[in-house]
Amino acid sequence: MARALVTGNHAAGYTLALAGEANRVARGCCGGAYPITPQTEIIEFLRGFQFTKGRVVPVESEHSAMGVCIGASLGGARAFTASSSNGLAYMVENIFAAGYYRLPIVMIAVNRTLGPPWNIWVDQGDSLMFRDAAWIQFYTDSHQDLVDTILLAFRVAEDKRILLPVVVAMDGFVTSHTQMVVELPEQEQVDRYLPACEVPHRLRHDHPATVGGMTWPRETAHHRREIQNAMDRVPEVLYQAIDEFAEVFGRRPVGALETEFTEDAKTVLIACNTMARTLRRAVLARRERGQHVGMIRAKLFRPFPREELLRAIGSARRVGVLDRNHSAGSGGIFWQEIAATLQERPDVLLQDYLVGLGGGDVTPEIIDGVIDDLASRARATQPIWQEAMT
Amino acid sequence: MAELTIFGRGGQGGVTLAKLIAETYFLRGMYAQAFGVYAAERSGAPVQAYVRIDEREITNHNEIREPDHVVVLDRTLIAPRVVTGLKTDGWLVLNSPEPPSAFREMFPGRRVATVDATAIAAGNGLGTRTVPIVNTTMFGAVARVFGLTFADVESALTELKFGGANVASARQAFEGVKAEHQPGTIREVTAPPPSQRIASLLDSTIGGLPALRTGSWASRHPNRRHLTPPCNNACPAGNDVQAFVAAVAKEDYNGALEILLETSPFPGVCGRVCPAPCMQACNRSGYDESLNVRELERYVADLGQRERFSAPRRDEAVAVIGSGPAGLSAAYHLARLGYQVTVLEAERELGGVMRTGIPEYRLPRTVLDREIEFVIGHGVQTHTGHRVSRGELVDLSRRFAAVFVATGLQEARSLDLGVDLGGSTHRIEQGIAFLDRARGGAAFVRGERVVVIGGGNTAIDAARSARRLGAARVVIVYRRSRQEMPAIREEIDAAIEEGIAIHELVSPVRVQENDSSLSLTCQRMRLGEPDESGRARPVPETTEDAFFDIPCDRVILALGQTPDLSIIPEGSEIRENGRLLGLAGSPVFCGGDLAGNEGTVSAAIGSGHLAALHIHRTLSGEDLFPPSPEPLAGPEAITTHVFTHAPRRRGGTIDVALRRHTFAEVHTGFSSATEGESAAEEASRCFSCGVCNSCDRCRQYCPEGIVSRDGDGYRFDYDYCKGCGVCAAQCPRGVIYMAEL
Amino acid sequence: MTTAFIQNDGTCVESVLRPGNTNCAGCGMSIGFQLLTQALEREPIMLVIPACCGIVTAGAFPTSAYGVPTAAATFASSAAFATGLATVAEFNGDDHPVVCWAGDGGTYDIGLATLSAAAERNENMIYVCYDNEIYGNTGGQRSSATPEGVATTTSPGGKSEPKKDIMGIMTAHRIPYAATLSVAHREDFLHKVRTARNTRGFRFLLMLSPCPIGWKSEPDESVELIRVAVACGVFPLYEVFDGSRFRINARPDATPLVDYIGRQKRYTRSRLDVGILDEQIKRQWRYLGTMATTFPA
């Protein structure tokens, strides 16, 4: 491991490249890439990297970027790409194809608000947009979490028990363009950690099969069920991957979620990405004042870790969700998932807070307002907007 | 609520039929629903459509499992499974030419109605040639079965903008549908359970052949047939011209010769002297130039090795009178069948007109001798210098098991020219006699001015022979124009090349003899109305300059010949098949020019062959006559654009300048031809009309890839054939045709 | 061994498109696949087919009418999928062709950007467009490949715009090889497929594909219609090398345009001005003739 001071994008590009290079022992690596703010540095790094057996194709659109990844993965290579916001939107058709084709593609989503109207700042709505597409989804809060989770992503995606693509999200600008200290992996470590990529259903000359042709309802429903079964196996495979990671890198990255001060908390707040780091500072301050407030950083969004989340919430009676995203006509998307999880806990007051939409800086003061509101609330109400709280 | 299921194929308009039925009841104030099951919307694939009718609003969107009635639009879909779930007293309405009773075994106890909607729709021009659209027609039948009025039918059709032909078609079906309640007990049909195992994307076993047998889509199938090539049809000797040419194209010369020898023992002769009606009938002549069949026959005859045929000997002996082409052909075919044949010939040498009537520069005696030798070599006894009289004929008919009379044309036509033709100067003579003397090669016409009267082959032969014998000048006088001359075109052209002048539209009037020379007075003619021969009648000009004189030294008459019928016993007649009636004793047949043939060697050969078959059938009872021929492969059977234009290869000829001084053979054939003029190349120009030659086009262009080689021919996999007809359209020679199922 | 496979000189060759497929009777694409199989002479290929009749004909999972490994691509993405496949094939010493087989919709319209980008990068693939001049799979709507004057379900009175010149577009990309294919000219077809196979880089083949349903023509006339299309000049047979050298493979003869359009109700049903089409053909041939003379291959 090498300690470095780099941007999140640099760290992501670097880690992707090493993962791709590791597959030089098998069928190589390949992906398509198209620039979009705030992701460009990733693909610039990748395009500058000298692969032994790899190629990053400078395509003409994100839709084609994922198309190239799918083709590469069907050819049995390790495939990856990165995008944000409208790039992800343009890519969505092929994102679904990658998921339904069970291809172990890894993508970095540098979270950025969807438009137009154009907005370049952070919002989780772009990666959440395709939460139904059979992709495993990780939301990272730091450079280190990002780097480690990228490696976990390849390991989990390519596992024969899984065979699903993985998106690793980071905050646009806040992570992507910010220089921080991070332990970057060495090639030799990645070579050891990642087994050779094998796509069992890749196209082979000795076995003519058609991937993706017309499928009747019965087979389609069954196919969806198989995908769900694979999703159900993710926690087990993820924790095995983390164990193996610890052996090679000497630390354990967070798996599905991480908790702080939840053991005796009556009030718990949940957030993801860098906002969770701000939440942590706010919760710490409350603890110092003797308040039993706890926090959960949501990391694994798909499959949604219901059981682990229920255990983390424990005996808390008030749960507040900080959503930097919004599904118009409903509310925050993390909130919707958590509400479904908490149907077994009718005793819990669950409240959604829509903060930082469109990329505004979520300060500890804003979070303090949330904590106060949650504590004083008699019952839950419609999702509460940040602008309504000032 | 009533529910109806419609079984059809994509493209037949099943969903539209559902809409029409729904519309009818809608117009009557009911609620109605019509929909189809959509899968891959391909033409030909089986699809279902559904109709629901109810007095109340319909909210059911499921597929229909237990219909009240069932309609089947496509006859190939009629199977026990169509009544799965059909209610006991429900109607089954079928598109079929059969009456309902034909389905008693398949659908016992059911109410069945049938109508031939396909024929009615096709008759009203609905849909395409390949796929008639039957939905509006069936609508008429269904309405009748359900007790609707035709006014109902018309309203619905109008509402959905179906006009004219659709209404007429529906009416025919409305009036023509036949309905019956079948006897018997209803046989329940249940749907098979779905298979337990569902395949996974990650299975290593995926990717096998689809189970769908698309052969069930076809409404017509390709079949292969054999059409008669026009060359075969035209050949008077009955040769399989197409087959021998095909063998030459493959450079199988022995095989080609074998084919010819099946029908004719004189390929070398015919390959030199036949007017080749095959070439005139050749379909290639409409594209560039006809095949040079004659030259190919000659090549094969000269080059190929001929094997004598052997057959078990029969006891019966047959007599053949006359050793011309008809007689020798009969002898050959009879000997090949094992009969003991004796040939009686009046002249000193065998061969008939082939020997005496055709000059050496057209038919060298070595060629003729070799072919006659081959015939004789089959064990034929011959007696030359033996003229058979009428009395002897009767005697022969008692001594032999059968007799064939083929004495040919003996009498030469003459003309009154005011002189005695039998005069001692011999300066006016018959063409045949002249040719006979010319065989000797004596230069008895050296320096003479010769006039030949006539337009047939004998006239040309006489003129060209005179030329070679040293005549100073040779002129042919013919009363019609050159186009009407019956001689072979190439012979006429060759004569002109050799410096012989043709005076057309000139008729001889009289000859005046003086001591040293002759003067032939001629009259100019013009062409009038056609006469009984179909050719324009020559009409004498009557103007002052219509008459003119030609001074000359010799006049040769070549006006054609007639048979000498004195050999035929009194009171007997020749029937159409050649059988001579009115004689007691063994069967006697007549043939060749004696029996009024068209006057060619090949016609005589054919006549002799037929006579042999007649004799064989009479003596043994065995019928070896060729079967009735298949239809003719006319030019419309050939797709010419597939073939590259190429001129006819002509083979070699000796220089014109040389020709005038020698009786050596003028045509040297393909063997001495220049490069690029090979026999195989010429034979490759053959279209092979109506006969498959494994060109592979059907296999190459079949969209399904279901045409495969089967020996020399092809096979169609009907399990998968969709009946598109591309193979039939792409066969350039009419071998493949589409037949309705 | 069933009789379902093409027999080629006594041996059995599995066709790229096998019997049991659901293409309509007389489909031009089917004929194209048979000729492709004959040209390849048993060389394995991988197929990438976007949403179109070409993938529907494979039939329902888990079986497939394709006898070669095939990836179903999203409608616009065949050239992108193929880029990935071809790249990985090359890494791993597999030099058998990756072939896109797309209709005019996936080539001229929704797939044009992807196609252009793959061509601009000179990706190593053979891209075959089977052009039936409509969106066939969805029932016959107009595409930019539909000729002017043709009636379709979304241009019932006849299309107002002329046909897009996709060969011109591919020529402008200066790819190593672009050519038009005729299903009625077998020798030419085989030769061009083999030329493409033996060329590196992006190869584009345009095949006019008769669709009896969309063209409202008789299925048995499919091959003949294309022969006439070539003969009357409406579908030129030519090759372009590196976007700069031209070879014309067949000149039109005196066959009149009406021999072609008279047999297709998609033409005869619209208010078509034949003179306009004639003028377009003449203009195209003036251009081709000039290019072939000035920049011969």
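Residues numbered from 1 in each chain as written. Chains lettered and ligands numbered in written order. Predicted model: local features only at pLDDT ≥ 70, side-chain atom pairs only at ≥ 80, totals over all residues. Heavy atoms only, no water.

1. Quick word on the overall build of chain A
Along the backbone of chain A there are 13 helices and 16 strands. Relative to its length of 390 residues, chain A is compact, with a C-alpha radius of gyration of 20 Å against a globular reference of 21 Å. A total of 390 residues make up chain A; the buried ones form 62% of that total. When contacts within chain A are restricted to residue pairs at least 6 apart in sequence, those whose partners lie at least 24 apart make up 82%. (Helix = DSSP H or I, 4+ residues; strand = E, 2+ residues; numbered from the N terminus. Rg over C-alpha atoms; globule rule 2.2 N^0.38 Å. Buried < 20%, exposed > 50% of the residue type's maximum accessible area, 1.4 Å probe, protein only. Contact = heavy atoms within 4.5 Å.)

2. Regarding the overall build of chain B
Along its length, chain B carries 23 helices and 31 strands. On C-alpha atoms alone, chain B measures out to a radius of gyration of 38 Å, which is more than a quarter above the 27 Å that the 2.2 N^0.38 rule sets for 741 residues. If one aligns the C-alpha atoms of chain B with their principal axes, the spans along those axes are about 125 × 70 × 65 Å. Taking the intrachain contacts of chain B between residues at least 6 apart in sequence as the baseline, contacts between residues at least 24 apart amount to 70%.

3. Looking at the interface of chain B and chain A
Counting residues at the interface gives 15 residues for chain B, matched by 16 residues for chain A. Regarding the contact of chain B and chain A, the summed buried area is about 1100 Å², with carbon and sulfur atoms giving 65% of it. Among the residues of chain B in contact with chain A, I198, L201 and L202 of chain B are the three that bury the most area, contributing 54% of the side total. Counting across the chain B and chain A interface gives zero salt bridges. The interface formed by chain B and chain A holds three residue pairs in polar contact (both at pLDDT 80 or more) in total. Taken together, the residues that form the side of chain B that touches chain A break down as eight nonpolar, six polar and one charged. (Buried area = accessible area lost by both parts, 1.4 Å probe. Salt bridge = Lys/Arg side-chain N within 4 Å of Asp/Glu carboxyl O. Polar contact = N/O pair within 3.5 Å; in protein donor to acceptor, adjacent residues only side chain to side chain. Nonpolar A, V, L, I, M, F, W, Y, C, P; charged D, E, K, R; others polar.)

4. So, unusual backbone geometry
With an omega of 5°, the peptide bond between T37 of chain A and P38 of chain A qualifies as cis. Structurally, P38 of chain A can be placed in the loop between β2 (29-33) and α2 (40-48). Non-glycine residue F261 of chain A carries a positive phi angle of around 60°. One non-glycine residue, D696 of chain B, lies in positive phi territory at about 85°. Locating D696 of chain B in the fold gives a position in the loop between α21 (679-683) and α22 (697-701).

5. Thoughts on the interface of chain B and chain C
The interface of chain B with chain C comprises 39 residues on the first partner and 42 residues on the second. Counting across the chain B and chain C interface gives one salt bridge. Close ionic contact of D220 of chain C with R220 of chain B constitutes a salt bridge, the shortest N to O distance being 3.4 Å. The interface formed by chain B and chain C holds 14 residue pairs in polar contact (both at pLDDT 80 or more) in total. Here the side of chain B that touches chain C is composed, by residue class, of 16 nonpolar, 13 polar and 10 charged.

6. Section: the packing of aromatic side chains
The tally for this structure, following the rule as stated, stands at 32 aromatic pairs over all chains. For the ring pair F80 of chain A and F154 of chain A, a centre distance of 6.4 Å and an interplane angle of 90° mean the geometry is edge-to-face. With F80 of chain A in strand β4 (residues 78-83) and F154 of chain A in helix α6 (residues 143-157), this pair connects stretches of sequence that are 74 residues apart. Here the two residues F80 of chain A and F154 of chain A agree in accessibility, since each one is buried. With a centroid separation of 6.1 Å and an interplanar angle of 25°, the aromatic rings of W101 of chain C and Y130 of chain C are classed as stacked. Here Y130 of chain C lies in strand β6 (residues 125-131) and W101 of chain C lies in strand β5 (residues 98-103), a separation of 29 residues in the sequence. Residue classification places Y130 of chain C among the buried positions, given a relative accessible area of 3%. The ring centre of Y100 of chain A lies 3.6 Å from the NZ or CZ of R224 of chain A, which sits over that ring. Above the ring of F374 of chain B, the side-chain terminus of R306 of chain B is found at 5.4 Å from the ring centroid. (Phe/Tyr/Trp six-rings, centres within 6.5 Å; stacked < 30°, edge-to-face > 60°. Lys NZ or Arg CZ within 6 Å of the ring centre and 35° of its normal.)

7. Topic: helix α3 (residues 78-91) of chain C
Residues and elements named next belong to chain C. The end-to-end C-alpha distance of α3 is 20 Å, a good match for the 20 Å that 14 residues give at a rise of 1.5 Å each. Extensive coverage of α3 is indicated by the burial of 12 of its 14 residues. Taken together, the buried positions of α3 are S78, A79, A80, F81, A82, T83, G84, L85, A86, T87, V88 and A89. G93 sits one or two positions beyond α3 and adopts a positive phi of about 70°. (Expected span 1.5 Å × (residues − 1).)

8. Observations regarding the domain arrangement of chain B
Residues and elements named next belong to chain B. In terms of domain boundaries, chain B breaks down into domain 1 (2-181), domain 2 (204-226 + 692-740), domain 3 (230-234 + 244-306 + 639-684), domain 4 (308-410 + 563-620) and domain 5 (414-561). The partner domain 4 presents 27 residues to the 22 residues of domain 3 that form the contact. At the boundary of domain 3 with domain 4, total buried surface from both sides reaches about 2100 Å², with 66% on carbon and sulfur atoms. Ranking the residues of domain 3 by area buried against domain 4 places F266, V273 and R306 at the top, with a combined share of 30%. There are two salt bridges connecting domain 3 and domain 4. (Domains from an automatic or database assignment.)

9. A word on the nonpolar core
F204 and Y260 of chain C are the most contacted members of the largest nonpolar core, which has 217 residues in total. In terms of residue count, the dominant contributor to this core is α6 of chain A (nine residues). In this view, Y260 of chain C contacts E133, L208, W215, L225, V228, A229, C232, V234, R266 and Y267 of chain C; residues no more than four positions away in its chain are not counted. Listed in part, the 65 residues of the second largest apolar core include M279, V320, A335 and F589 of chain B. (Core = buried A, V, L, I, M, F, W, Y, C linked by side-chain atoms within 4.5 Å.)

10. Comments concerning helix α13 (residues 364-376) of chain A
Residue and element names in this part refer to chain A. Taking 1.5 Å of rise per residue, the 13 residues of α13 would be expected to cover 18 Å, and the 18 Å separating its terminal C-alpha atoms lies within 8% of that figure. Buried within α13 we find I366, I367, V370, I371, D373 and L374. All buried residues of α13 lie within an arc of 165° about the axis, which places them on one face of the element. For α13, the exposed residues lying more than 90 degrees away from the buried face are E365 and S376. Elements in contact with the buried residues of α13: β11 (267-271), α10 (273-288), β12 (293-298), β14 (318-323), β15 (349-354) and β16 (384-385). (Arc of directions from axis to C-beta.)

11. With respect to the sheet that holds strand β9 (residues 317-321) of chain B
Pairing between the strands of a sheet is mediated by backbone hydrogen bonds and can be parallel or antiparallel. All names here are of chain B. A sheet is described by the order of its strands in space; here five strands give the open sequence β11-β10-β9-β12-β26, paired in parallel fashion. At either end of the open sheet lies a strand with only one pairing partner, and these are β11 (381-383) and β26 (588-590). Here the strands of the sheet are splayed against their neighbours by 15° on average, with no regard to which way each runs. Of the pairings in the sheet, the one linking strand β10 (residues 340-344) to β11 comprises three bridges and is parallel in character. In the strand pairing of β11, T342 is matched with Q381. Sitting on the sheet, helix α12 (residues 325-336) touches β9, β10 and β12 (402-405), and the angle it makes with β10 is about 165°. Where helix α19 (residues 601-620) meets the sheet, it contacts β9, β12 and β26, and its direction lies at approximately 165° from that of β12. (Pairing = 2+ DSSP bridges. Axes fitted to C-alpha atoms, helices over the stretch in contact; angles between N-to-C directions.)

12. Quick notes on the environment of A438 of chain B
All names here are of chain B. Checked against the element boundaries, A438 lands in helix α16 (residues 431-439). According to the relative accessible area criterion, A438 is buried, its value standing at 4%. Along the backbone, A438 and T356 are 82 residues apart, and their C-alpha atoms lie at a distance of 9.6 Å. Residues in contact with A438, not counting those within four places in the same chain, are F444, S465 and L469.

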